[in-house]
Every structure is written in C-alpha cells, then in structure tokens.
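The residues making up each chain are set out below.
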Amino acid sequence: MEYVTLNDGNKMPLAGFGVFQISDSKEAAQSVTDAINSGYQLIDTARAYNNEEAVGNGIKASGAKRDDLFIASKLWVSDTGYEKTKTAFETSLRKLQLDYLDLYLIHQPYGDIYGSWRAMEDLQKEGKIRSIGVSNFERDRVTDLAIFNNVKPAVNQIELNPWFQQPKEIEYYREYDVQPEAWAPFAEGKHCIFKNEILSKIAASHHKTVGQVILRWLTQNKIVALAKSVHKERMAENIDIFDFELTDAEMSQITQLDRGESQFFDHHDPEQVKRMATLH
C-alpha cells in the first residue's frame, strides 16, 4: 500500500474502499470484511449511505487491528450546525462501534457548515477525529473555511474520473496542501468507460484491466481513489495497482479523455440544493 501525508501530519492510504449504494446490511458488512481481508485499510462511509452500522459490523468481523485501519464517515446536510454536528458524529461513532474516526467530512457545501466546522475542530482537539475535511466543496468554499478557521481542511472528496478530471481544482488543492480524494473513479461505467479504446490499449500493454489503469492513473497523481465492489475478486483486483507504473505518454493520453463535465450533477444548481435539503 502507498500513502499520502495530510496537512495535519496523518497518513492516508492512496487506495480506499467505498460503500455508497450498498444498502443491504448483510451485504455491506460482508463487503467491508472482504475488503479489509483483501488488503484495504481505508474504508469510506457516510451517514447518508444508511450503512454505518453494517460497516461497523464488517470492521469487527474482519478481526483487523484498529490502528491498521483508516475509517472515514461524513456529516449530512440536515445535521449541520455546531450542536447537531456533535450529536450526529457521536451517532456515527456508536453505529461504527469505534472510539474515534480517522477522517470526518462535511458531505455537501450546504447548511450551517461553519458551525459544523467549529464542532469538528473541537472533536479533533478531543481526539475523537484525527483529520477533518470536506466533500464536494469547490475552491472558494475551501478557501473560506481555511482562512476564517483555525484548521484548514485536510481532504476534499470530489468527483474525479477520466471524463471529469478537474485539473484547476487539483492544482489549487496542491497549492494549499489539501488532499484530493476521488469518488466515482469509474464514472459508474458511463460512456462505456470500460471499453474505451485508449484505456483498453493501455491496460493490455500492462496486462491489467481498465479499472486498474484508472485507479493507477489517480494514485500515480497522488489522488486518493475510492473503489466499490461487492465481489471479492474485483476487490483484490482494484487494490492490485501498485506493481506497475503508467508512462508519461500514457498519463498524457488519459488526460486527453477529459470531457470537462460532471457525470452526475451540478452543485451550483438551485434545484439540486433544494433536493438535498429534503433528504435525511
């Protein structure tokens, strides 16, 4: 496993396992156990995924030492604000059956994020969270938090994949020492990504799969990548990405695939904000 060092000094694995849309509790728990046994240390969940308890059960069943794992969860929009954040965090911690989290993120850039950030700073001081960060925030919101608070975000988890590479965002985060983390690295298969001619050719030259090439492209760029699967053989495949290196020419070829558009939704769309405000 390879790691990156966050701006607070903590180390974060470059390859992670996500549980978004794994709603069945038994399947979610088993997938986490299988992922850990496949070599994953970083497990990413969220209050909004409704599977924190199952994730906790999976962690426990794996028998892994707590210090060997990096567990992350996220605060949902309806729980923003100082007191509500503290309550929501304790609920997540209880469901996960843990004494602390390695990373806690504000899931969306809406609601009372400033009150939430102060609460997260206090929880970090208390030793209940090792690193704090955000998800789906753009440069202006990250800057706002960094300038007007005592602790700047250690991580920003955003949509990153070959179709949506966000180079300006990544460059900015490098400058301000905020670690980028990719959700949906495979773009959920959109635009036939697994059959793309360029990616397929690169994969064949390394005797790897397209999925492995995408994850290697991200991690080689020092971007933390979250992969998801409920199949053990695919989990093992997705973490087997540190025994080869893409050439500069191959990295450049992948860069040319950027469509410059989200494959999911626009966080600036007022209707999107309204929709998220109704989700609990």
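Let us look at the structure shown here.

Parameters at a glance
Residues numbered from 1 in each chain as written. Predicted model: local features only at pLDDT ≥ 70, side-chain atom pairs only at ≥ 80, totals over all residues. Heavy atoms only, no water. Phe/Tyr/Trp six-rings, centres within 6.5 Å; stacked < 30°, edge-to-face > 60°. Helix = DSSP H or I, 4+ residues; strand = E, 2+ residues; numbered from the N terminus. Buried < 20%, exposed > 50% of the residue type's maximum accessible area, 1.4 Å probe, protein only. 1 Å grid on protein atoms, 1.4 Å probe; cavity = no way out; pocket = protein on both sides within 12 Å on 5 of 7 lines; lining within 4 Å. Points joined across faces, edges and corners; volume = space filled by probe spheres on them. Nonpolar A, V, L, I, M, F, W, Y, C, P; charged D, E, K, R; others polar. Salt bridge = Lys/Arg side-chain N within 4 Å of Asp/Glu carboxyl O.

Quick notes on the packing of aromatic side chains
Then, number 1: Throughout the structure, instances matching the rule amount to six aromatic pairs.
Then, number 2: Between the aromatic rings of F20 and Y49, the centroid separation amounts to 5.2 Å while the plane-to-plane angle is 50°, which identifies the pairing as tilted. Taken together, the residues F20 in the loop between strand 3 (15-18) and helix 1 (25-37) and Y49 in the loop between strand 4 (42-44) and helix 2 (52-62) connect sequence positions 29 residues apart.
Then, number 3: Overall, the relative accessible area of 40% leaves F20 in the partly exposed class.

Digging into empty space enclosed by the protein
Then, number 1: If you walk through the whole model with that rule in mind, you get one cavity of 30 Å³ or more.
Then, number 2: Approximately 30 Å³ is the volume found for the largest cavity.
Then, number 3: Looking at the lining of the largest cavity, the elements with two or more residues in it are strand 3, helix 8 (210-220) and strand 10 (224-227).
Then, number 4: Looking at the lining of the largest cavity residue by residue, the class counts come to six nonpolar, three polar and no charged.

Overview of the pattern of salt bridges
Then, number 1: Applying the stated criterion across every chain yields a total of twelve salt bridges.
Then, number 2: As a salt-bridge pair, R47 and D79 come within 2.9 Å of each other at their nearest N and O atoms. Of this pair, R47 sits in the loop between strand 4 and helix 2 while D79 sits in the loop between strand 5 (70-75) and helix 3 (82-96); the two residues are 32 residues apart in sequence, bridging distant segments of the chain.
Then, number 3: With a relative accessible area of 13%, D79 lands in the buried category.
Then, number 4: In this structure, K208 engages D243 in a salt bridge whose closest nitrogen and oxygen atoms are separated by 2.9 Å. Here K208 is found in the loop between helix 7 (197-206) and helix 8, whereas its partner D243 is found in the loop between helix 9 (232-239) and helix 10 (248-255), with 35 residues between them in sequence.
Then, number 5: Taking relative accessible area as the criterion, K208 reaches 15% and is therefore assigned buried.
Then, number 6: D243 sits in the exposed class, given a relative accessible area of 53%.
Then, number 7: The network of salt bridges with shared partners includes E2, R216 and K222.

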